[in-house]
Amino acid sequence: MNIIQKIKDAKLTGRGGAGFPTWQKWEAVKNAPGEKKYIIVNGSEGEPGVLKDGFILENYPEELINGVKVALETFENSEAYIYLRKDYYDKYKSKLVELSRDFSITLTREPGGYLCGEESTLIESIEGNRFEPRDKPPFPTEKGLFGMPTLVNNLETFYWISKIAKDEYHSNRFYSLSGDIANPGVFEFSEDLSIEKILKETNNFPEKEFFVQVGGGASGIILTREELENKVTGAGAIIVYDKEKTDPKALMKKWIDFYFNENCGKCVPCREGVYRIKELLENDNLDLEKLKDIVFVLEETSFCPLGKGVAMPFEGFLGKIY
């Protein structure tokens, strides 16, 4: 059986946050015309609270390289890039160079910040251009790096590709747990496990009143204690907040300061929306209705997924907690 059919049968979805069916990207690149094809491992991992890619680099670099090797064997005349955030590159470069020396793999140190985790911005940065997202279509699978069909998958996704190729995949994923809990860290469980079961299995279920942020530490959705039957989405992070200890305004400021510092400034809704939210939160009398209006506009009109992601935590937080 070919690997794309195996990935399809395994129902693997991308672990970077969007949850797109992995086999569809692989098939699109396989079928796209092009003299050369590129494979990119996205190890940008810039969102607060998401730690799984670093965990894989620390503990399972051989599986990562094997996943890339599977992709190189699948796409004729292909070349791979492993694109890592700065500290990961500095820490793991030697090991990865040693493991990948027999393959057409280039290690790249991410030159920018959070936005470089967006796939088209990542491609722009490798090409030496300004760090901004591209118009889509065409998608990277059709016209990506240097104008050639390009597969961009998250680093964890390549780990599971290796497992699928070896018939060792059992629908698991990695979860990053942090916040007001006793045992923070990265844990592997079934992707079907509920948030409640994950917290209990890791001895992290709080006794006090709490809420969680799920997916990532900036774009993650907010869920209450009554909503823990849900599965974890996005990049697999669970951040627990003690309801009594958490300063609501300080938490919102933390989110918006992150987006303010990482904003590329390309589209008006995101650039101006983030600025205006920051301005509102610095005011002693928070105008809630204006804040909700800006959040709505951000979600509906931002150019790229990262801009739309700004709205995610605010929607749930303002509706359920604040």
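Above this text sits the structure in question.
Below: a short report on this structure.

## Overview of the environment of K266
Piece 1. Among the structural elements, K266 can be located in the loop between α9 (248-262) and α10 (268-281).
Piece 2. The spatial distance from the C-alpha of K266 to the C-alpha of F139 is 19 Å, given a sequence separation of 127 residues.
Piece 3. When residues no more than four places from it in sequence are discounted, the contact partners of K266 are E132, P133, R271 and F303.
Piece 4. Side-chain polar atoms of K266 contact the backbone oxygen of P133, separated by 2.6 Å.

## Thoughts on the sheet that holds strand β3 (residues 105-109)
Piece 1. One open sheet holds the 4 strands; their spatial order is β3-β2-β1-β4, and the pairing between them is parallel. Sheet topology places β3 and β4 (150-154) at the edges, where each strand pairs with a single neighbour. Each adjacent strand pair in this sheet contributes to an overall mean axis angle of 20°, direction not counted.
Piece 2. As paired elements, strand β2 (residues 78-84) and β3 share 5 bridges and run parallel to each other. Within β3, the residue paired with Y81 across the bridge is T106.
Piece 3. Here helix α4 (residues 61-74) sits on the sheet and contacts β1 (37-43), β2 and β3; the angle it forms with β2, its principal contact strand, is near 150°.

## What about the pattern of salt bridges?
Piece 1. All chains considered together, the criterion is met by 28 salt bridges.
Piece 2. With its nearest N and O atoms 3.3 Å apart, the salt bridge here joins K36 to E79. Of the two residues, K36 sits in the loop between α2 (22-31) and β1 while E79 sits in strand β2, which places them 43 residues apart along the sequence.
Piece 3. Overall, the relative accessible area of 22% leaves K36 in the partly exposed class.
Piece 4. For E132, the salt bridge goes to R130, with nearest N and O atoms at 2.7 Å.
Piece 5. Bridged by salt links that share partners, the residues R15, K52, D53, E156 and E191 form one connected network.

## Topic: the side chain of R15
Piece 1. Counting through the fold element by element, R15 comes out in the loop between α1 (3-10) and α2.
Piece 2. A distance of 3.3 Å separates the side chain of R15 from the side chain of E191, its partner in a polar contact.
Piece 3. Not counting chain neighbours up to four residues away, the residues in contact with R15 comprise K52, N154, E156, T157, W160, Y169, N172, R173, E191, G234 and A235.

## Some points on unusual backbone geometry
Piece 1. A cis geometry characterises the amide bond from K136 onward to P137, with omega recorded as -5°.
Piece 2. Along the polypeptide, P137 turns up in the loop between α6 (119-126) and β4.
Piece 3. Following P137, the chain continues to P138 via a peptide bond in cis, the omega torsion being 0°.
Piece 4. With respect to the helices, strands and loops of the structure, P138 is situated in the loop between α6 and β4.
Piece 5. A positive phi angle, close to 55°, is found at N203, a residue other than glycine.
Piece 6. Within the element layout of this structure, N203 appears in the loop between α8 (195-201) and β7 (210-215).

## Points about the pairing of strand β5 (residues 172-179)
Piece 1. Extensive coverage of β5 is indicated by the burial of 7 of its 8 residues.
Piece 2. As paired strands, β5 and strand β6 (residues 185-190) are joined by 6 bridges and run antiparallel to one another. For Y175, the partnering residue across the bridge sits in β6 and is F187.
Piece 3. Relative to strand β9 (residues 237-242), β5 is paired through 4 bridges, and the arrangement is parallel. The partner of S176 across the bridge, within β9, is A237.

What counts, and where the lines are drawn
- Residues numbered from 1 in each chain as written.
- Predicted model: local features only at pLDDT ≥ 70, side-chain atom pairs only at ≥ 80, totals over all residues.
- Heavy atoms only, no water.
- Helix = DSSP H or I, 4+ residues; strand = E, 2+ residues; numbered from the N terminus.
- Contact = heavy atoms within 4.5 Å.
- Polar contact = N/O pair within 3.5 Å; in protein donor to acceptor, adjacent residues only side chain to side chain.
- Pairing = 2+ DSSP bridges.
- Axes fitted to C-alpha atoms, helices over the stretch in contact; angles between N-to-C directions.
- Salt bridge = Lys/Arg side-chain N within 4 Å of Asp/Glu carboxyl O.
- Buried < 20%, exposed > 50% of the residue type's maximum accessible area, 1.4 Å probe, protein only.

Everything listed is a geometric property; what it means functionally is a separate question.
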